[in-house]
Amino acid sequence: MPPVKKGMLTAFALLCAVLLCGCGPIGDKAAGAVMLYVSSAVMSAVLLVCYCVLIRPRDPWFILMLSAVCVVNTGYLLLAVSQTLPQALNANRLSYLGSALLPLSLLMIVMNVCGLRRRRGLAAGLLVLALLVFLVTASPGYLDIYYAHVDIATVGGITVLRKEYGPWHPLYLFYLAGYFAATLATLLYARWKKTTVSPTHAALLFMALTVNIVVWLVEQLVHTDFELLSVSYIISELFLLSLYFMLQHFPAAPAAAAQPPSPPAVGAADAQQQQRCDYLRRHLPDLTPAERTVYELYVQGRSTAQILEELHITQNTLKYHSRNLYGKLGVSSRKELRELALLLPQNESDE
């Protein structure tokens, strides 16, 4: 069994253990709530370690997502066992730090999986925005802009914050809503442009997004002392890691990217090469924008490392685009593609 699949099965088993520990009759409600937080924090750390150890190549945005969830769940756990208000506020700040970075990592992962290019500086700008939002959410105890008043209480044996919201509290809600909308719009745009890997992969991305939206709405509408997001974040991680596993081992191309018949073979080598050039030229318009960009960089002689850095995509995404454009253009390698493309008139190659 591949190590990635073993990691996924282990994570699923741990998730079941989390639910059983929290829902089972363990006799002490406080111990049950704390056990849920402990299980969530431990599982988040296990997923992070498994990804860093078992996955090759590693995506930095996946590492950020897994780290953010680990930080969030650690903050929830520390808040639940806090004895004083300063301890509770520090734990709350820790959970908000992960919560501010998590939507950013999710959006970047969706863009990479969908094969979409992003403007240079977008990630840095969004990271600055996340840190600014975090500073606002970390202000309780120093300023009254996010919480007008805050204190701690013991409910069911665990510590919770009792707060009155300040004037800047809607900022974080708008921040989350904006990321949810941007991520969903990215997914819909990718499906419209037919750059998403496949309908199955698109469905997994949609479920990962929907789980967090639904849980977030439930927590806004129904009062609960247990942070349901601590479990929903892990479910989202499992969806995204499942998608990563599918991309690595079962890369399914969309119907539009199905490989056309190979160009017909002829007797003479020169005539055969000419037919292959003609075939490549006729099918250049079939490439998607992302595939055309990769094609042009291949023709320019860029290395894999240069392409990954310039397009800000993962190696798996590049392999996916390469496989699709090879099939459409009737070639089997980058070298063959470049040799044929350089034989085309310059104006046709650049169309």
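Residues numbered from 1 in each chain as written. Predicted model: local features only at pLDDT ≥ 70, side-chain atom pairs only at ≥ 80, totals over all residues. Heavy atoms only, no water.

Focus on the overall build of the chain
- The helix and strand tally for the chain stands at 14 helices and two strands.
- By the burial criterion, 47% of the 351 residues in the chain qualify as buried.
- Restricting to contacts in the chain with at least 6 residues of sequence separation, those with at least 24 account for 69%. (Helix = DSSP H or I, 4+ residues; strand = E, 2+ residues; numbered from the N terminus. Buried < 20%, exposed > 50% of the residue type's maximum accessible area, 1.4 Å probe, protein only. Contact = heavy atoms within 4.5 Å.)

Structural notes on the nonpolar core
- Core analysis: the biggest nonpolar cluster contains 42 residues, and Met108, Tyr172 and Tyr175 have the highest contact counts within it.
- Secondary structure elements with two or more residues in this core: helix H2 (29-54), helix H3 (60-80), helix H4 (85-113), helix H5 (122-137), strand E1 (147-155) and helix H6 (170-192).
- Discounting chain neighbours no more than four positions away, the residues touching Met108 are Trp61, Arg118, Leu122, Ala123 and Leu126.
- Leu284, Tyr326, Val331 and Leu344 belong to the second-largest nonpolar core, a separate cluster that totals 21 residues. (Core = buried A, V, L, I, M, F, W, Y, C linked by side-chain atoms within 4.5 Å.)

Here's the deal with the pattern of salt bridges
- Scanning all chains against the criterion turns up five salt bridges.
- Arg276 is the salt-bridge partner of Glu336, the closest N and O atoms lying 2.2 Å from each other. With Glu336 in helix H13 (residues 334-343) and Arg276 in helix H9 (residues 269-283), this residue pair connects regions lying 60 residues apart in the sequence. (Salt bridge = Lys/Arg side-chain N within 4 Å of Asp/Glu carboxyl O.)

Remarks on the confidence of the model for the chain
- Mean pLDDT over the chain stands at 76; residues scoring 70 or higher make up 68%.
- The least confident element of the chain is helix H1 (residues 3-23), whose mean pLDDT is 48; the most confident is H5, at 94.
- Counting contacts from residues 17-27, a segment whose pLDDT is below 50, to residues more than four positions away or on other chains yields 12 contacts. (pLDDT = per-residue confidence, 0-100.)

A few points about the environment of Asn90
- Considering the arrangement of structural elements, one finds Asn90 in helix H4.
- Considering only alpha carbons, one finds Asn90 and Pro140, 50 residues apart in sequence, at a separation of 9.5 Å.

Details of the pairing of E1
- Here E1 runs beside strand E2 (residues 158-165); their pairing, made up of eight bridges, is antiparallel. Considered in E2, the bridge of Val155 is made with Ile158.
- Here E1 folds back onto E2 in antiparallel fashion, the turn holding two residues, of which Gly156 has a positive phi close to 60°. (Pairing = 2+ DSSP bridges.)

Section: a nonpolar patch on the surface
- Taken together, the side chains of Val49, Val53 and Leu54 present a nonpolar region at the surface, about 240 Å² in accessible area.
- Following the sequence through the fold, Val49 ends up in helix H2. (Patch = residues over 30% accessible without salt bridge, like charges linked within 9 Å, V, L, I, M, F, W, Y side chains within 5 Å. Areas by Shrake-Rupley, 256 points an atom, 1.4 Å probe, with all protein chains shown as cover.)

Some details on H5
- Relative to the 22 Å expected for 16 residues at 1.5 Å per residue, H5 spans 23 Å between its end C-alpha atoms, a close match to the ideal helical length.
- Those residues of H5 not exposed but buried are Ala123, Leu126, Ala130, Val133, Phe134, Val136 and Thr137. In an axial view of H5, the angular spread of the buried residues amounts to 155°, which keeps them on one side of the axis.
- Residues of H5 that are buried sit in contact with H3, H4 and H6. (Expected span 1.5 Å × (residues − 1). Arc of directions from axis to C-beta.)

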